[in-house]
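Spelled out from the first residue to the last, the chains are:
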Amino acid sequence: MRTLITHGTIVTASDLYKGDVLIEDEKIAVIGTTLDDIVSMADKVIDASGKYVLPGGIDVHTHLDMPFGGTTSADDFESGTRAAAFGGTTSVVDFAIQYRGQTLHHAWETWMKKAEGKAVIDYGFHMIMTDLNDHTEGEMDALVRQGVTSFKLFMAYPGVFMLDDGSIFKALLRTGANGGTICMHAENGGVIDVLVQRALAEGKTAPKYHALTRPARAEAEATHRAIALAEIADVPIYIVHLSAAEALEMVTEARDRGLPAFAETCPQYLFLSYDNYEEPDFGGAKYVMSPPLREKRTQDQLWRGLAFNDLQCISTDHCPFCMKEQKEIGRNDFSKIPNGAPGIETRMSLVYDGGVRAGRITLNRFVELTSTSPAKIFGLFPRKGTIAPGSDADIVVFDPHRTITLSAETLHMKVDYSPYEGRRVTGAADTVLSHGRVVIEDGQFVGRVGAGSFLKRSPRS
Ligand code: URP
Ligand code: ZN
Ligand code: ZN
């Protein structure tokens with residue numbers, strides 16, 4: 001099967017030029033300024049005139065089919081990856097969870113079963129570790145060999161996910177030997193727990209108290225501690241869903257000292273703010289996530305971090321819960337509202353519109369933040385994350401002029417609200433290919449359920 005994408009503008013993290021791309025079966029075969037001579041050889045021709053030809057988006061932070069707070073995230077691997085494809089994302093790295101007393105292998109098998117036969121695009125896994133013993137460390141090595149090369153640890157949620165500093169340090173040390181990467185949820189869980197109990201005892205139960213009991217300094221302290229532990233262990237560290245300017249300062253300071261400290265932020269921290277928690281009638285519950293939304297002025301600081309490479313990736317932390325029956329669980333107690341929000345489908349359009357069109361980042365940087373850097377940091381490059389001969393033909397034909405209105409009614413995520421309801425954004429994925437097969441065309445899903453494959457990622461070299 002040969003597919004030719006003609007007359008588009010090819011954009012990678014470093015290049016921008018008019019050109020044609022020939023795909024043979026699942027891979028990019030040829031790139032040329034014009035491949036008109038071989039049009040007759042193609043089984044399918046996609047006219048990308050006036051459009052960008054981008055490497056498919058890579059979202060390295062999703063929670064599909066994830067049990068949390070007495071319920072399960074609303075998108076499974078079928079609906080979630082389909083929505084991702086609609087938005088121009090062609091690979092996700094989700095999180096398997098090792099619950100206390102379980103092996104890492106059991107957790108990996110469980111999450112593989114959730115994805116197999118359902119995912120419409122490729123998927124990999126990070127491993128959330130909640131129980132670290134001598135067996136676990138050996139298992140980490142085995143997982144890295146099997147392509148699960150990153151491990152998420154929590155400094156928050158005491159009694160559920162949180163690990164003590166000694167266990168965190170052991171895990172960091174182990175990645176020094178096995179080439180894995182530690183991803184850290186950096187919030188001081190002990191402090192937050194005290195603040196939450198005090199707020200509840202004072203009768204403060206509304207959603208906004210979720211944010212008011214998770215101060216920016218608690219994120220900054222944990223970010224600093226995580227980086228310090230990684231520095232002592234002499235290994236890289238990746239901070240997930242960074243939201244606070246105070247936490248960004250910690251990453252920037254470490255990077256200025258030459259440390260391999262990396263971090264991602266997410267669209268919700270770039271486009272939403274604490275003010276959203278003030279929405280009436282329990283509306284603030286839509287934005288209950290951890291870390292919480294911050295003051296509006298933080299947005300500019302995060303954009304600066306993205307522009308100057310103190311932040312390397314934009315992922316979504318897609319973890320949707322419906323208002324009805326799910327967020328509702330915490331109507332009388334903010335601490336019971338399941339943490340998380342939808343975003344897998346809206347990332348590329350939001351970041352293009354609010355980043356590139358607004359003049360905050362270049363088009364190349366947009367590709368780097370949403371595809372190339374995630375691929376490089378998480379062992380997928382150059383198979384993914386660029387447009388080059390030999391790379392997987394995961395390609396997005398992106399219309400920079402099409403304006404869409406974000407709404408739960410028209411988006412494809414299985415959740416009954418959008419945090420961006422009514423927001424108009426310009427720039428949207430038109431045609432999306434995964435492994436050379438068209439999965440989105442003319443606003444329709446034309447892929448196959450279960451066509452996605454497990455991404456065996458490479459360790460750090
Ligand atoms: O609120 C969030 N972020 N929910 C998902 C779990 C996590 O900590 O990433
Ligand atoms: Zn987290
Ligand atoms: Zn998350």
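Values in this document were obtained by computation on a predicted structure and should not be read as measured data. Position labels on residues start from 1 in each chain and follow its written sequence. In the order they appear in the text, chains get letters beginning with A and ligands get numbers beginning with 1. Since the coordinates come from a predicted model, pLDDT governs what is reported: local features require at least 70, and pairs of side-chain atoms require 80 or more to be given and counted, while whole-chain, interface and lining totals use all residues. Side-chain descriptors were evaluated using all non-hydrogen atoms of the structure, hydrogens and water having been removed beforehand.

## A closer look at the packing of helix α4 (residues 165-178) against helix α7 (residues 216-233)
(1) Moving on: At a minimum axis distance of 9 Å, the contact between α4 and α7 shows a crossing angle of 45°. In terms of axis orientation, α4 runs oblique to α7. The two elements α4 and α7 meet at a crossing, and its hand is right-handed. Contact residues: α4 offers Asp-165, Ile-168, Phe-169, Leu-172 and Leu-173, while α7 offers Arg-225, Leu-229, Ala-230, Ile-232 and Ala-233.
(2) Moving on: Residue polarity follows a fixed list, in which Ala, Val, Leu, Ile, Met, Phe, Trp, Tyr, Cys and Pro are nonpolar, Asp, Glu, Lys and Arg are charged, and the others, Gly among them, are polar. Counted by class, the contact of α4 with α7 contains eight nonpolar, no polar and two charged residues. Angles run from 0 to 180 degrees between N-to-C directions of axes, and those axes are lines fitted to C-alpha atoms, restricted for helices to the stretch in contact. Segments assigned H or I by DSSP are reported as helices when at least four residues long, segments assigned E as strands when at least two residues long, and all are numbered from the N terminus. The scheme is simple: roughly parallel for angles under 35 degrees, roughly antiparallel for over 145, roughly perpendicular for 65 to 115, oblique for anything else. Crossing handedness: left-handed means the near helix sits turned counterclockwise from the far one by under a right angle, and right-handed means the same turn made clockwise. By definition, residues are in contact when any of their heavy atoms lie within 4.5 Å.

## A word on the coordination of the zinc ion (ligand 2)
(1) Moving on: Water is not among the atoms examined, so metal sites may look incomplete; donors are the N, O and S atoms within 2.8 Å of the metal, or within 3.2 Å for Na, K and Ca. Looking at the zinc ion (ligand 2), the protein donor atoms are Lys-152 (NZ), His-185 (ND1) and His-241 (NE2), and they sit 2.1 Å from it.
(2) Moving on: Mapping the donors of the zinc ion (ligand 2) onto the primary sequence yields the spacing K-x32-H-x55-H.
(3) Moving on: Between the zinc ion (ligand 2) and the zinc ion (ligand 3) the interatomic distance amounts to 3.9 Å. Of the two residues, His-185 is situated in strand β12 (residues 181-185) and His-241 in the loop between β13 (237-239) and α8 (245-256); the sequence distance between them amounts to 56 residues.

## A look at the nonpolar core
(1) Moving on: Definition used in this section: a nonpolar core is a set of buried Ala, Val, Leu, Ile, Met, Phe, Trp, Tyr and Cys residues joined via side-chain atoms within 4.5 Å. Burial status follows relative accessibility: with a 1.4 Å probe on protein chains alone, a residue under 20% of its type maximum counts as buried, one over 50% as exposed, and anything between as partly exposed. Counting residues in hydrophobic clusters, the biggest one holds 123 residues, and the most contacted among them are Met-127, Met-184, Ile-239 and Phe-366.
(2) Moving on: Domain ranges listed in this record stem from an automatic or a database domain assignment. When residues of this core are assigned to domains, at least three map to each of domain 1 (2-54 + 385-445) and domain 2 (57-377).
(3) Moving on: If we ignore the near neighbours within four places in the chain, the residues touching Ile-239 are Met-184, Ala-186, Thr-223, Ala-226, Ile-227, Val-251, Phe-262, Ala-263 and Glu-264.
(4) Moving on: Counting residues in hydrophobic clusters, the runner-up holds 14 residues, among them Ile-23, Ile-28, Ala-393 and Ile-395.

## Quick word on the coordination of the zinc ion (ligand 3)
(1) Moving on: Listed as protein donors to the zinc ion (ligand 3) are His-61 (NE2), His-63 (NE2) and Asp-317 (OD); their distances from the metal cover 1.9 to 2.1 Å.
(2) Moving on: Given four donor atoms and angles of 90 to 132° at the metal, the environment of the zinc ion (ligand 3) is assigned as tetrahedral.
(3) Moving on: Here the donor residues for the zinc ion (ligand 3) map to a single chain with the spacing H-x1-H-x253-D.
(4) Moving on: What makes His-63 buried here is its relative accessible area of 5%.
(5) Moving on: You can call Asp-317 buried: its relative accessible area is 9%. For four-coordinate sites, all angles between 85 and 135 degrees define a tetrahedron; for four- and six-coordinate sites, opposite donors beyond 155 degrees with the remaining angles between 65 and 115 define square planar and octahedral shapes respectively, and all other cases count as irregular.

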